[in-house]
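Examining the three-dimensional arrangement
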Amino acid sequence: MMLMKYRFGSVVRGAAAAVAALPAQLPPPRSRLMLALLAALAGGAVWAGDEHGAGPLGADLPPSAQVQVVLQEHPLVQAAGAGVRMEEANRDRLLAGPYEFTVTAATARRHDRTERTRTREHELGLERTFRLPGKAARDAEIGAAGVSEARYALGDARHETARLLLARWFDWQRAATAVGDWQAQVDNLRLQRDVAEKKVKLGEAARLELLQAEAQLFQAEAELARMQNEQARLTVEWQQNFPAIALPQEAVVVPPNPLPADSVQHESWRTRLLEENHELAVARGAARKSRLQAGRLDADRLPDPSLGLAVARERDGAERVVGVQLSIPLPGAGRSADARAGQAAAEAAGAREAQALLRAESGARQTIQLALSSYSQWQRLADVAQRLDENLRLQEKAWRLGEGQFAELQQTRRQAIEARLAASRARLDANEARYRLLLDMHALWPVADASEAGAAVAHTH
């Protein structure tokens, strides 16, 4: 505890010093992100270092270095990385343009019957279509927007993989914790069965108490076996999905940390969650790209001209011809239809962006509320479990001394077991909710690479 207090004091002093050292002007939105991070650090010890090398928050998380390996090598992330390379190639294609030089060559043989002569003629031509002014710049913007969207999609893949990892990690922790709780109950019930057996032999209790003690023991052993099977299943699933991270031998018990109740702090978290929301960033990137494509289709209503140069050699070289050719397609109804379709697609993408914003807003508020309420729920359930454990201890002591009813002891034990299991689940739920909040704020594990960060800066400017 003293170590955590010292570290929290160091974090607050470091955050205050960092705020004082900030320059007067910072490029948005990085300044807002920096201030939000420092405010969260100073506002309630939302995250702090630990000595176990298990990430920025505690020993109940996998090592950060192993998490980074998983986030880099997971198939979902690899597929998104291939999508970035595909969009980079598409950007290069758009920069180069859709048109290429066309070389034409022709040869002919002329037969002049009046002069009774036969001559050879040759023609060589070079032709290319050129984009009208402004179209090349539009294509470059579309290519850059596609790369930016793909990089956000890569960040989204890394984020979703991290979410999956965190959820599966705590699923295993719940199963392992339940195994430990049920194992403790089985050990206690075996002692109770042994005591009941001795009391029956001494004539101090009816055989019914022994049968009831054995029945409760068998029920606990069945629950223990069920949870052991569940833990084994989750272990196999974990090893298949995240082989780079080794599971611990047993669940690590880490009490949840309280979150600050300051509404201003919560609003800064909500802003941070929206700024770091990959789904929203992908939707915004797709809407921006769709608007650029709609503008490009509208510009294509005016066709691009083709310019050609031809050199001909006629009558065995007696005549030489050099010519320039300009051709301009006449626009038809198809180009106008393409422009209207592009505009409709842009409107649809804008609607999807608005829907993504609504989901992001709702998700941010729910994530914050869940992190706050789960801690309160754990406190209440832990208090109930503690009181029932104390009641159980007193009733068990009384029963051993020949006082009290065995049926009441069994009922109290069942209530204590249920309360202890509920408190354990609530503890893990509170820790997972808090870590999920930090993960969505990119304060748990770095889920965005340098290329995505560069895309964010380019997009804001």
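Refer to the structure printed above.
Computed from a predicted structure; not experimentally measured. (Residues numbered from 1 in each chain as written. Predicted model: local features only at pLDDT ≥ 70, side-chain atom pairs only at ≥ 80, totals over all residues. Heavy atoms only, no water.)

It is worth spelling out the packing of aromatic side chains at this point. With the rule as written, the count across this model stands at 4 aromatic pairs. Summarising the aromatic geometry, the rings of W238 and F242 are spaced 4.8 Å apart at their centres and angled 50° between planes, so their arrangement reads as tilted. With respect to burial, W238 and F242 carry one shared label: buried. A connected cluster of aromatic rings, assembled from ring pairs, spans W169, W238 and F242. (Phe/Tyr/Trp six-rings, centres within 6.5 Å; stacked < 30°, edge-to-face > 60°. Buried < 20%, exposed > 50% of the residue type's maximum accessible area, 1.4 Å probe, protein only.)

Let us now look at the pattern of salt bridges. Here the structure, examined in full by the defined rule, presents 32 salt bridges. Close ionic contact of E230 with R233 constitutes a salt bridge, the shortest N to O distance being 2.7 Å. Separated by 3 residues within a single helix, E230 and R233 lie in helix α6 (residues 207-241), roughly one turn from each other. Of the charged contacts, one joins D440 and R436 as a salt bridge, the two residues approaching to 3.2 Å between their closest N and O atoms. On the criterion of helical spacing, the pair formed by D440 and R436 is a turn pair, its members being 4 residues apart in helix α10 (residues 406-440). Using a relative accessible area of 6% as the deciding quantity, one classes D440 as buried. Residue classification places R436 among the partly exposed residues on the basis of a relative accessible area of 32%. Salt bridges linked by common partners bring R168, D171, R174, E230, R233, E237, D429 and E432 together as one network. (Salt bridge = Lys/Arg side-chain N within 4 Å of Asp/Glu carboxyl O. Helix = DSSP H or I, 4+ residues; strand = E, 2+ residues; numbered from the N terminus.)

The phi dihedral of H442 is positive, around 60°, even though this residue is not glycine. Within the secondary structure, H442 sits in the loop between α10 and α11 (450-460).

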